[in-house]
Amino acid sequence: MTDFPGPHSTALAERRKAVVGAGVASTLPVYVADADGGVVVDVDGNSLIDLGAGIAVTTVGASNPAVVSAVQDQVTHFTHTCFMIAPYEGYIAVAEKLAELTPGDHAKRSVLFNSGAEAVENAVKIARHATGRDAVVVFDHAYHGRTNLTMALTSKSMPYKHGFGPFAPEVYRAPMSYPFREGLNPDGSSITGAQAAARAISVIDKQVGAANVAAILIEPIQGEGGFIVPAEGFLPALAEWATANGVVFIADEVQAGFTRTGAWFASEHEGVVPDLITMAKGIAGGMPLAAVTGRADLIDAVHPGGLGGTYGGNPVACAAALASIDQMLTLDLNARARDIEHTVTSRMNALADEVGIIGEVRGRGAMLAIEMVKRDGREPNPEATKAVAALALEAGVIVLTCGTYGNVIRLLPPLVIPDELLDEALDILQESIRTVAREN
């Protein structure tokens, strides 16, 4: 509708420079006035197709009517009392839903927080308290948050860790299963998930010692690290080792949870039942809410008052979560995520054969990645990745990038995006990749 960015966005950018810290960066050069169902409208009236969903947050849409109604109703009663002071039903109702939806039929408890990083920190606290051990094992390419402990748990230095140390101690890193970037066995066969798990376990046993490990913490599908789906068998083998050695197995489902991968939680794809699950992002339709859900004996081992927070399980956020979960069930967004996977992967795999700069198309459900490489090889191509994202944005499509090497385009559309809008976005993305391929 206007230049991009338009005059109102340009004016806001100038106001921002005067008052907002430079360390807070934004992907888009425009400012949002309205959003829902796969469309973002900026303050100048430009419409963009959203394949990012606020980093997997607005799964049910950015202004889903059911969520809006639930929030409005709760606000008319009260916005806050602090559950640790004056409790309320919404918190309990969310915990009941989480006990129902998370893997496993064991007795479960939940504690609610505000962000994914808070959930991860508290899961580590619970594991350390319950086991009496200190060490936490994480994996190459991991991302777990921006607080001091979660920066220690995160693998990538820039921009998340650079200049912010020293970090929390007793964090150890093991090799991840990354099928596209694995070597081969001597006979030329691919390294299996079981072999990759044995390699990781060997590192843990030698460098840490099983008796010292409180928890293994892993994203069932890694997020910021590149949407890495480990080889089949990797996660079950780690979970089995953890159980055998009294180690708490924590699945970080902050990005992958709540129908994003075509299942309620990504752990389910291989039948893994974590001891603890951390959740946030898609849980509450854009309202700030996070949770740790897991074995009752672990969570209840913490003394009263040891877990909580002023805003944890805010009543408005709880209302939004209950409405969001109901929408996921009513609209069968697990099935919708699988439909999106079929549409995207079929089109992008065909394009990969054509252009020569797509190394791999991977992911599950609507958590999908395109790994960009130098022509007909495996060398990471972050320059092409950045160029594709820029061209797509110029044509009105929001895509996000990620990866340890900065060479992965990640696709996270709202699961309520209409087929015709998704097809239009993929047309633009494909043409952007073709354009960049011709120049590379």
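Before reading further, recall that the structure is shown in the block above.
Because the structure is a prediction, the values reported are computed rather than measured.

Student: Hey, could you run me through helix H11 (residues 333-355) in this one?
Tutor: Residues that lie three or four places apart on an α-helix share one face, since the helix turns once every 3.6 residues. Given a rise of 1.5 Å per residue, 23 residues ought to cover 33 Å, and the 32 Å separating the end C-alpha atoms of H11 matches this to within 8%. Here the buried face of H11 lies against helix H10 (315-330), strand E11 (358-364), strand E12 (367-372), strand E15 (408-411) and helix H13 (419-439). Phi for glycine 356, located one or two positions after H11, is positive at around 80 degrees.

Student: Please clarify how the pairing of strand E4 (residues 108-113) should be interpreted in this entry.
Tutor: Every other side chain in a regular strand lies on the same face of the sheet, so the side chains alternate between the two faces. Counting buried residues along E4, five of its six residues qualify, which places the element largely inside the surrounding structure. Sheet topology note: the E4/strand E10 (residues 290-295) ladder contains six bridges and is antiparallel. What sits directly across from serine 110, in E10, is threonine 293.

Student: What am I meant to see in the sheet that holds strand E1 (residues 32-36) here?
Tutor: Think of a sheet as strands paired side by side through backbone hydrogen bonds, with each pair either parallel or antiparallel. Reading across from one edge, E1-E2-E3-E13 is the order of the four strands in this open sheet, with mixed pairing throughout. Here the strands that pair on one side only, and so sit at the sheet edges, are E1 and strand E13 (397-398). As defined by bridge partners, strand E2 (residues 39-42) adjoins strand E3 (residues 47-50) across three bridges and the pair is classed as antiparallel. Bridge pairing links valine 41 to serine 47 in E3. The strands touched by H13 are E2, E3 and E13; relative to E3, the strand with the most contacts, the crossing angle is about 95 degrees.

Student: What should I look at first to understand the side chain of asparagine 381 in this one?
Tutor: Tracing the sequence through the fold places asparagine 381 in the loop between E12 and helix H12 (382-394). Contact partners of asparagine 381, with chain neighbours within four places excluded, come to Met372, Val373, Lys374, Asn407 and Asn440.

Student: Any chance you could explain the packing of helix H4 (residues 89-101) against H10 here in plain terms?
Tutor: What describes two packed helices is the angle between their axes and the distance between those same axes. Running from N to C, H4 and H10 point in directions that differ by 35 degrees, and their axes come no closer than 8 Å. When the axes of H4 and H10 are compared, the crossing they make is left-handed. Only Cys318, Ala321, Leu322, Ile325 and Leu329 of H10 make contact with H4, whose side of the interface consists of Gly90, Tyr91, Ala93, Val94, Lys97 and Leu101.

Student: For this particular structure, what's the right way to read the pattern of salt bridges?
Tutor: Any two side chains of opposite charge can pair if their charged atoms end up close together. This structure, assessed with the given rule, holds 18 salt bridges. Arginine 295 serves as the salt-bridge partner of aspartate 275, at 3.0 Å between the closest nitrogen and oxygen. One end of the pair, aspartate 275, is in the loop between strand E8 (248-252) and strand E9 (276-279); the other, arginine 295, is in strand E10, with 20 residues separating them in the sequence. Between glutamate 379 and lysine 374 there is a salt bridge whose closest N-O contact spans 3.5 Å. Assessed through its relative accessible area of 48%, glutamate 379 is described here as partly exposed. Taken together, the shared-partner salt bridges in this structure form one network comprising Arg181, Glu360, Arg362 and Glu371.

Student: Just checking my understanding: could you explain the layout of surface pockets for this structure?
Tutor: Leftover empty space is mapped by rolling, across the atoms, a probe with the size of a water molecule. Counted as a void, the second largest pocket has a volume near 490 Å³. What lines the second largest pocket is a set of 24 residues, and nearest its centre among them are Phe83, Tyr91, Ser110, Val111 and Leu307. Where the lining of the second largest pocket is concerned, the elements lending two or more residues are H4 and E4.

Student: Explanation requested: the packing of aromatic side chains in the structure shown.
Tutor: Any two aromatic rings considered together are summarised by their centre-to-centre distance and by the angle between their planes. If you walk through the whole model with that rule in mind, you get seven aromatic pairs. By way of ring pairs, the aromatic residues Phe78, Phe83, Tyr88 and Tyr91 are connected into one cluster. The ring centre of phenylalanine 167 lies 5.4 Å from the NZ or CZ of lysine 161, which sits over that ring.

Reading guide: rules and limits
Throughout, a residue's number is its position along its own chain's written sequence, starting from 1. Under the rules for a predicted model, residues below a pLDDT of 70 receive no local features and side-chain atom pairs below 80 are neither given nor counted, while totals for whole chains, interfaces and linings still include all residues. Note: side-chain values were computed over all heavy atoms of the structure, leaving out hydrogens and water. For the purposes of this entry, the term helix denotes a DSSP run of H or I that reaches at least four residues, the term strand denotes a run of E that reaches at least two, and both are numbered from the N terminus. Residue count minus one, scaled by 1.5 Å, sets the expected span of a helix. Any two residues whose heavy atoms approach within 4.5 Å are treated as being in contact. Note on classification: 1.4 Å probe, protein chains only; a residue is buried when its accessible area is under 20% of the maximum for its type, exposed when over 50%, partly exposed between these limits. DSSP calls a pair of strands paired once it identifies at least 2 bridges connecting them. To get an axis, a line is fitted to the C-alpha atoms, and for a helix only the part in contact is used. The angle between two axes follows their N-to-C directions and goes from 0 to 180 degrees. Two helices that cross are described as forming a left-handed crossing if the nearer one is turned anticlockwise from the farther one by less than a right angle, and a right-handed crossing if clockwise. Salt bridges are defined by distance alone: a side-chain nitrogen of Lys or Arg within 4 Å of a carboxyl oxygen of Asp or Glu. We place a 1 Å grid over just the protein atoms. Points where a 1.4 Å probe fits but has no way out form a cavity, open points with protein on both sides within 12 Å along at least 5 of 7 lines form a pocket, and any residue with an atom within 4 Å of a point lines it. Grid points are joined across faces, edges and corners, and a volume is the space filled by probe spheres set on the points. Stacked, edge-to-face and tilted are the three classes for Phe, Tyr and Trp ring pairs, Trp counted by its six-membered ring, which pair at centre distances within 6.5 Å; planes under 30 degrees apart are stacked, over 60 edge-to-face, the rest tilted. The criterion for a charge sitting over a ring is simple: Lys NZ or Arg CZ within 6 Å of the ring centre, and within 35 degrees of the ring normal.

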